[in-house]
Amino acid sequence: MIIFTDTVIENIKEHIASHDPERGGALLGAPHTNIVSEFIYDENAITSSASYTPSKGLTNLIRQAETKNGLVYKGIIHSHPNGFNQPSAQDLIIFEENLSQNPHVPYFVAPIVTRGGDTGKNNDMDLGDDMFLTLFTAYRNTGYNGISIKKPDISICHSKRDIDIFIRSLNNPIHFENGYLKINGINHINTTIKDEGTTIEIVFPTNYPFAAPLILQGKKGNTDLLKMETIGLEWDFTTIDENKLSISLNKSTITLKG
Ligand SMILES: [Zn+2]
């Protein structure tokens, strides 16, 4: 399974699904995870109505994002003409080139966006307006040249939606930032909330919202995670997913002054 954050899905809708094919961009995420949490639109791609070739400039943007956020390159998403919801022969060549140019990438995430391309399978996601994302991954073959294509399940992590619901439930506007928090060398999807005296870190596990996020509270200016207090959450399985975070944070002992 490959997990996409809701922010990435929104970016894909805005920059790819709501335009004519072929358009594309890069996908990144934390190393050693199956999460895609960053999308970079490829403005200067070489495209026609039937092909998409990533630009050289995109490679630079990928390297910059890898350095800045501690993320790794996961793959390329691009759109296809109506109903053509699988990689073309040209795409397979590009996937193979990408795998050989990025030895640090274990497999290449390569979704195709098409109108009317619904296969009804678990590697499909409905993007609305009859647009669909069909997920493929490319693996290096061992022992001989070439690649293998798989169709993994796709899932979406609604961390941004759920944070927005919580922020709206507060009486006062409050400063918050969605980003990453490094714990034991691994970047986790994270939201930092700050008020006059407090910093709250909300760290999303890979199996959110099945599992509750980790909540850390510290005095403002304290960036030492070890000195922050862990806040327990009541995580109620009977609450609908989008309200779980908001309801449990509001019931918790965190204090925000706004
Ligand atoms: Zn293609």
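**Looking at the overall build of the chain**
Part 1 of the reasoning: Secondary structure assignment for the chain yields five helices and 19 strands.
Part 2 of the reasoning: Taking 18 Å as the expected radius of gyration for a compact globule of 258 residues, we find that the chain reaches 20 Å, a close match to that expectation.
Part 3 of the reasoning: By principal-axis analysis of the C-alpha atoms, the chain measures approximately 55 × 35 × 35 Å.
Part 4 of the reasoning: Here the chain holds 258 residues, and the buried ones make up 34% of them.
Part 5 of the reasoning: Across the chain, every contact between residues at least 6 apart in sequence was considered, and the portion connecting residues at least 24 apart equals 57%.

**What about the domain arrangement of the chain?**
Part 1 of the reasoning: With domains assigned, the chain is organised as domain 1 (2-156) and domain 2 (159-251).
Part 2 of the reasoning: Its C-alpha centre places domain 1 at a distance of 29 Å from the equivalent point of domain 2.
Part 3 of the reasoning: On the domain 2 side, the residues contacting the twelve residues of domain 1 number ten residues.
Part 4 of the reasoning: Where the side of domain 1 that touches domain 2 is concerned, the elements lending two or more residues are strand E1 (2-5) and helix H1 (6-17).
Part 5 of the reasoning: Looking at the side of domain 1 that touches domain 2, its residues break down into four nonpolar, seven polar and one charged.

**Concerning unusual backbone geometry**
Part 1 of the reasoning: In this structure, the amide linkage connecting Pro21 to the following residue, Glu22, adopts the cis form with an omega of -5°.
Part 2 of the reasoning: As for its position among the elements, Glu22 is in the loop between H1 and strand E2 (24-29).
Part 3 of the reasoning: In this model, Asp130 sits at a positive phi of 60°, which is unusual for a non-glycine residue.
Part 4 of the reasoning: Mapped onto the elements of the fold, Asp130 is located in the loop between strand E10 (124-128) and strand E11 (131-134).

**What about the environment of Leu181?**
Part 1 of the reasoning: Examined against the element boundaries, Leu181 turns out to sit in strand E15 (residues 175-183).
Part 2 of the reasoning: Taking C-alpha positions, Leu181 is 15 Å from Lys194, a pair spaced 13 residues apart along the chain.
Part 3 of the reasoning: Residues in contact with Leu181, not counting those within four places in the same chain, are His188, Asn190, Glu201 and Val203.

**Overview of the sheet that holds strand E18 (residues 214-219)**
Part 1 of the reasoning: Spatial strand order, E15-E16-E17-E18-E19: five strands in an open sheet with antiparallel pairing. What marks the edges here is a single partner per strand, and that holds for E15 and strand E19 (229-231). The average undirected angle you get between the axes of adjacent strands in this sheet is 30°.
Part 2 of the reasoning: Two strands pair when backbone bridges link them, and strand E17 (residues 198-204) and E18 are joined in this way by six bridges, in the antiparallel orientation.

**Looking at the nonpolar core**
Part 1 of the reasoning: The biggest cluster of nonpolar side chains holds 39 residues, and the ones touching the most others in it are Ile2, Phe4, Ile12, Leu27, Val36, Ala110 and Val113.
Part 2 of the reasoning: Looking at this core, the element that brings in the most residues is H1, giving five residues.
Part 3 of the reasoning: When residues are assigned to domains, this core turns out to be shared by domain 1 (2-156) and domain 2 (159-251), each giving three or more.
Part 4 of the reasoning: The contact partners of Ala110, leaving out residues within four places of it in the chain, are Gly75, Ile76, Pro87, Phe95, Phe136, Thr137 and Ala138.
Part 5 of the reasoning: Counting residues in each nonpolar core, the second largest holds six residues, with Ile193, Ile200, Leu216 and Leu233 among its members.

**A word on helix H3 (residues 89-101)**
Structurally, the α-helix is built with 3.6 residues per turn, so residues lying three or four positions apart point the same way.
Part 1 of the reasoning: Here H3 spans 19 Å end to end across 13 residues, near enough to the 18 Å set by a 1.5 Å rise per residue.
Part 2 of the reasoning: Turning to H3, its buried residues number three or more, namely Asp91, Ile94, Phe95 and Asn98. Axial view of H3: buried residues confined to an arc of 105°, hence all on one face. Away from the buried face of H3 by more than 90 degrees, exposed residues Ala89, Ile93, Glu97 and Ser100 are located.
Part 3 of the reasoning: Among the structural elements, strand E6 (51-53), strand E7 (72-79), strand E8 (108-109), strand E12 (137-140) and strand E13 (147-150) are those in contact with the buried residues of H3.

**Focus on the environment of Thr255**
Part 1 of the reasoning: Looking at where Thr255 falls in the secondary structure, it is placed in the segment after helix H5 (241-251).
Part 2 of the reasoning: The class for Thr255 is exposed, based on 10 C-beta atoms found within 10 Å.
Part 3 of the reasoning: Each C-alpha atom of the pair Thr255 and Gly197 lies 9.4 Å from the other, and the pair is 58 residues apart in sequence.

Cut-offs and rules
Residues numbered from 1 in each chain as written. Predicted model: local features only at pLDDT ≥ 70, side-chain atom pairs only at ≥ 80, totals over all residues. Helix = DSSP H or I, 4+ residues; strand = E, 2+ residues; numbered from the N terminus. Rg over C-alpha atoms; globule rule 2.2 N^0.38 Å. Buried ≥ 20, exposed ≤ 12 C-beta atoms within 10 Å, placed from the backbone. Contact = placed C-beta atoms within 7 Å. Domains from an automatic or database assignment. Nonpolar A, V, L, I, M, F, W, Y, C, P; charged D, E, K, R; others polar. Pairing = 2+ DSSP bridges. Axes fitted to C-alpha atoms, helices over the stretch in contact; angles between N-to-C directions. Core = buried A, V, L, I, M, F, W, Y, C linked by C-beta atoms within 7 Å. Expected span 1.5 Å × (residues − 1). Arc of directions from axis to C-beta.

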